[in-house]
Amino acid sequence: MTLSLVAGHEQTIYQAAQWRADLEQALRSEEDILLDLSTIEELDCAGAQVLIWLRREAERRGRKVDLRDPSRCVREFALLMGLQRELLPAAQNEETSDGS
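Source: prediction; values computed, not measured. (Residues numbered from 1 in each chain as written. Predicted model: local features only at pLDDT ≥ 70, side-chain atom pairs only at ≥ 80, totals over all residues. Heavy atoms only, no water.)

**Brief notes about the environment of Asp36**
- Position of Asp36 among the secondary structure elements: in strand 3 (residues 32–36).
- As a C-alpha pair, Asp36 and His9 span 27 residues in sequence and 11 Å in three-dimensional space.
- Apart from the residues lying within four places of it in its own chain, the contact partners of Asp36 are Leu5, Val6, Ala7, Arg68 and Asp69.
- At 2.6 Å, the side chain of Asp36 and the side chain of Ser38 are in polar contact. (Helix = DSSP H or I, 4+ residues; strand = E, 2+ residues; numbered from the N terminus. Contact = heavy atoms within 4.5 Å. Polar contact = N/O pair within 3.5 Å; in protein donor to acceptor, adjacent residues only side chain to side chain.)

**What about the nonpolar core?**
- Formed by 27 residues in total, the largest nonpolar core has its most connected members in Trp19, Leu35, Leu37, Leu54 and Leu87.
- When residues of this core are traced back to their parent elements, those giving at least two are helix 1 (16–28), strand 3, helix 2 (45–60), strand 5 (65–68) and helix 3 (72–81).
- For this core, the element with the highest residue contribution is helix 2, accounting for eight residues.
- Ignoring anything within four residues of it in the chain, the contact list for Leu54 reads Leu23, Leu27, Ile33, Leu35 and Val65. (Core = buried A, V, L, I, M, F, W, Y, C linked by side-chain atoms within 4.5 Å. Buried < 20%, exposed > 50% of the residue type's maximum accessible area, 1.4 Å probe, protein only.)

**Regarding helix 3**
- All of the buried residues along helix 3 are Val74, Phe77 and Ala78. Along the axis of helix 3, the buried positions cluster into a sector of 100 degrees, meaning they face one direction only. Away from its buried face by more than 90 degrees, helix 3 exposes Arg72 and Leu80.
- In this structure, the buried residues of helix 3 make contact with strand 4 (42–43), helix 2 and helix 4 (84–87). (Arc of directions from axis to C-beta.)

**Some details on the side chain of Asp66**
- One can find Asp66 in strand 5.
- Within the structure, the side chain of Asp66 is placed 2.8 Å from the side chain of Arg68, a separation counted as a polar contact.
- Beyond its immediate sequence surroundings of up to four residues, Asp66 is in contact with Ile33, Leu34 and Leu35.

Here it is in structure tokens:
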């Protein structure tokens, strides 16, 4: 079974601790996680760090995390910081690697 979650509009240093705690609780559910990123309007390094932690922690626990529908903000941040592999779904990695 998969647990579906939607990220909040702002994922910055001000929300990072609470977001990480919420995602930690989701990981305890022992379900795979589908995280919708389409609503994120502001993302900074702290927010990105939470997403990277989530993917690594889920892998360590043998769970799958599917980051879905990254917003324009998430896509631009990932491209700017060189974090496409960590923050974008595989299909979008291919789209951004050719400069689109």
